[in-house]
Amino acid sequence: MERHQYDVIVIGAGGSGLRAAIAAHEAGARVAVVCKSLLGKAHTVMAEGGCAAAMGNLYPDDNWQVHFRDTMRGGKMLNNWRMAQIHAQEAPDRVMELEDWGALFDRTSDGLISQRDFGGHRYARLAHIGDRTGLEIIRTLQQRLVALGIDVYMECTVTDLLKRDGAIAGAFGYWRESGRFIVFDAPSVVLATGGFGKAWKVTSNSWEYTGDGHALALRAGATLINMEFVQFHPTGMVWPPSVKGLLVTESVRGDGGILKNSDGERFMFNHIPEFFRSETADSIEEADRWYEDKKNNRRPPELLPRDEVARAINAEIKAGRGSPHGGVFLDIASRRTPEFIKKRLPSMYHQFKELADVDITAEPMEIGPTCHYAMGGIEVDPETEVSVVPGLYAVGECSGGMHGSNRLGGNSLSDLIVFGKRAGDSAAAYAAGLPSRPEASDIDIEAAKASALAPFEVEGRENPYTIQQDLQQSMNDLVGIIREGSELEQALVEVERLKERAKTMVVEGHRQYNPGWHLAIDLRNMLLVGECVAKAALAREESRGGHTRNDHPGPNPEWGSKNLVLRLNAARDGVDMTEQAITAMPDDLQKFFE
Ligand code: FAD
């Protein structure tokens, strides 16, 4: 079997994985990056709007304290406050570093990095490159990775983590093309595998996002937190059906776009929650003035945090005021010139023209909520990003805590580069400090191999594609944007049923590029993650951020002081859950909320 030795293995080649690999390499470690698809094709590359960092280029009043406060308020105070603090403090340096490495950000007229408005951010704060920010960030990081000579194993899926005496010893995977197995011996593994949105039917996520990192971590003994909090982005395409769920960037609203119902009403003014009322414009006139004069006017309600906007859209559709294809209207055509729209939102212009035959410079878009981002993830130490398993680190969307119950737009790209660097530094330091390297046992490697091959051995009749579709439908219908206790109970029953059916999944053919086999392996992860989300969502009897319970409307202060922690129960390949009190915020941070 192919076998390689490294100090640090990074699983995932999105922004967080690449940044971690660069940091670990610069700290002197022998590093490899392993990714399921081609290098350069991660979710990060799809990020459109920008990367949040309080650089104060447009508004000198902006600073890390304001960014920290916005992030905590956006997450409804459930964020790991230390992560939110580190993130706000370090994001500007990490953005400047990208610029030093060659990233070509858009500019202000003074030649500084330009910053754009996004929901929940008090000041224009998102460093961007048109609406193709992720592409430029990935290009920059990838170029540096290649220049540094870091090894990359692409189209290679990791299916198991290997341990020795409770600590990480490496990772086991297979080449997607040949189906041949591969073992990486390494004392440090950084999980940077992104989210799990592919478990829902209507989603902005692509095929790779099956919660692999979450499931790998659970199976290795790590814990997950905040899994009930899934972000439904307010604006996904709703038509044509082939692209339903595809993201429509928040920049459309940041750059002046407004939401209207079928009566032509700008309805967001009817949905301003008490928590944000004092900071939000209550008339069209004030909202419109804000684009020109942010100091003396309050923000338009279209730029409330995503959870609020998604719920409002959902309510309008349910009340029968939706658009012909079951969404609402997002209108920038009547607000900005065609030249402005094409310059600021080139990808959106082409996306709608080519996929829906809609010219967004002349007519409104039809949009609706789409499953977008996982706030929940692997529990890590805020300083080092290590999980509870020695040698196992997690960073980016697969880690939990930073965004609390709701992520603000633009705070993911900054999260990737801030904690990517920290994870890489810590993973390298841990590997260098070990007196001896843990070695994976042959028994564990054989077990990983047997587990990967199991779908070929089983006698059965179930098709992995049918099981995936049934899971996606159940998650959409029962664990969606608005939840209900009885439906969540039903979701857990459905997941158990699907797990049983998955035991009799048939995979035909051989191991060479076999998509059915790939899906059968990924499905185990999606089912486990689906259980985590439904279980935590059922337990949290309140509505907060990305978790809305019809039967428990509004936040409950008691729930505002605890996280739900999930760990594997190997005996039944399911999860157990416990409550964890949130550490109190120190006074010097608490004062920002008084
Ligand atoms: P990803 O970039 O998702 O990369 C994950 C990597 O893990 C991939 O390389 C994948 O192949 C690999 N992988 C997964 N499983 C395995 C496995 N088993 N074995 C090997 N490799 C594996 N955020 C913002 O801040 N601003 C924005 O403007 C913005 N726009 C967005 C637009 C879209 C359409 C989407 C989908 C997201 C957007 N986001 C945005 C969110 C943000 O892009 C993601 O949260 C972020 O890029 C995730 O980065 P990551 O490094 O955690 O993982």
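Residues numbered from 1 in each chain as written. Predicted model: local features only at pLDDT ≥ 70, side-chain atom pairs only at ≥ 80, totals over all residues.

1. Quick notes on the overall build of the protein chain
Note the following rule: The numbering of helices and of strands both runs from the N terminus, where a helix is a DSSP run of H or I of at least 4 residues and a strand a run of E of at least 2. We compute the radius of gyration from the C-alpha atoms alone; for a globule the expected value is 2.2 Å times N to the 0.38, where N is the number of residues. With C-beta atoms placed from the backbone, a residue counts as buried when 20 or more other C-beta atoms lie within 10 Å of its own, as exposed when 12 or fewer do, and as partly exposed for counts between those limits. A pair of residues counts as a contact when their C-beta atoms, built from backbone coordinates, are separated by no more than 7 Å.
Assigned secondary structure in the protein chain consists of 18 helices and 20 strands. Whereas a compact globule of 594 residues would reach a radius of gyration of roughly 25 Å, the protein chain reaches 23 Å, a difference of no more than 12%. The dimensions of the protein chain, computed from C-alpha atoms along their principal axes, are 70 × 50 × 50 Å. Within the protein chain, the fraction of its 594 residues that count as buried is 56%. Counting only contacts in the protein chain whose residues sit at least 6 apart along the sequence, the fraction spanning at least 24 positions is 74%.

2. Digging into helix 3 (residues 64-74)
Here helix 3 has its buried residues at His67, Phe68, Asp70, Thr71, Met72, Arg73 and Gly74. Those residues of helix 3 that are buried are in contact with strand 4 (51-52), helix 4 (81-100) and helix 13 (411-433). Lys76 occupies a position one or two residues after helix 3 and carries a positive phi of about 55 degrees.

3. Here we look at the UniProt feature "domain: FAD-dependent oxidoreductase 2 FAD-binding" (unreviewed entry) in the protein chain
Operational definition: UniProt positions are given in the numbering used here, feature names are shortened, and annotations may be inferred rather than shown by experiment.
The positions UniProt marks with the feature "domain: FAD-dependent oxidoreductase 2 FAD-binding" (unreviewed entry) are residues 7-413. Helix makes up 29% of residues 7-413 and strand 19%. Its end C-alpha atoms lie 26 Å apart.

4. A few points about the domain arrangement of the protein chain
One frequently used descriptor of interface size is the decrease in accessible area upon assembly of the parts. Note the following rule: Residue ranges assigned to each domain were obtained from an automatic or database domain assignment. Amino acids outside the nonpolar list (Ala, Val, Leu, Ile, Met, Phe, Trp, Tyr, Cys, Pro) and the charged list (Asp, Glu, Lys, Arg) are all regarded as polar, and Gly is one of them.
Looking at the assigned domains, one finds that the protein chain contains domain 1 (2-231 + 372-441), domain 2 (233-370) and domain 3 (443-557). Between the C-alpha centres of domain 1 and domain 2 the distance comes to 29 Å. Broken down by class, the residue content of the side of domain 1 that touches domain 2 amounts to three nonpolar, 11 polar and five charged.

5. Some thoughts on the site of the ligand
Here is the rule: Should the C-beta atom of a residue, placed from the backbone, lie within 6 Å of a molecule or strand, that residue is near it.
Contacts to the ligand come from 41 residues, most closely from Gly12, Gly14, His43, Gly194 and Gly396. Within the residue set of the shell around the ligand, elements represented by two or more residues are helix 1 (15-26), strand 3 (31-35), helix 2 (43-46), helix 5 (133-148), strand 8 (156-164) and helix 13. Broken down by element, the shell around the ligand gets its largest block of residues, four residues, from helix 13. Partitioning the shell around the ligand into residue classes produces 14 nonpolar, 22 polar and five charged.

6. A word on the nonpolar core
Counted only if it meets this: Take the buried Ala, Val, Leu, Ile, Met, Phe, Trp, Tyr and Cys residues, join any whose C-beta atoms are within 7 Å, and the set you get is a nonpolar core.
The biggest cluster of nonpolar side chains holds 169 residues, and the ones touching the most others in it are Val8, Ile9, Val189, Val190 and Leu191. Tallying contributions element by element places helix 17 (residues 515-539) first for this core, with 15 residues. When residues no more than four places from it in sequence are discounted, the contact partners of Val189 are Ile9, Ile11, Leu161, Ile168, Ala171, Gly391, Leu392 and Tyr393.

7. Considering the sheet that holds strand 3
Through backbone hydrogen bonds, the strands of a sheet pair up, either in parallel or in antiparallel fashion. What counts is decided by this rule: Strand pairing is defined by DSSP finding a minimum of two bridges between the two strands. Inter-axis angles, ranging from 0 to 180 degrees, are taken between N-to-C directions of lines fitted to C-alpha atoms, where helices are fitted over the stretch in contact.
Ordered in space as 7-3-2-11-18, the five strands form an open sheet in which the pairing is parallel. Each edge of the open sheet carries a strand with a single partner, namely strand 7 (151-154) and strand 18 (392-394). Adjacent strand axes in the sheet meet at a mean angle of 20 degrees when their direction is disregarded. In the sheet, strand 3 pairs with strand 7 via four bridges, with the strands oriented parallel.

8. What about the environment of Pro515?
With respect to the helices and strands, Pro515 occurs in helix 17. Along the backbone, Pro515 and Gly40 are 475 residues apart, and their C-alpha atoms lie at a distance of 21 Å.

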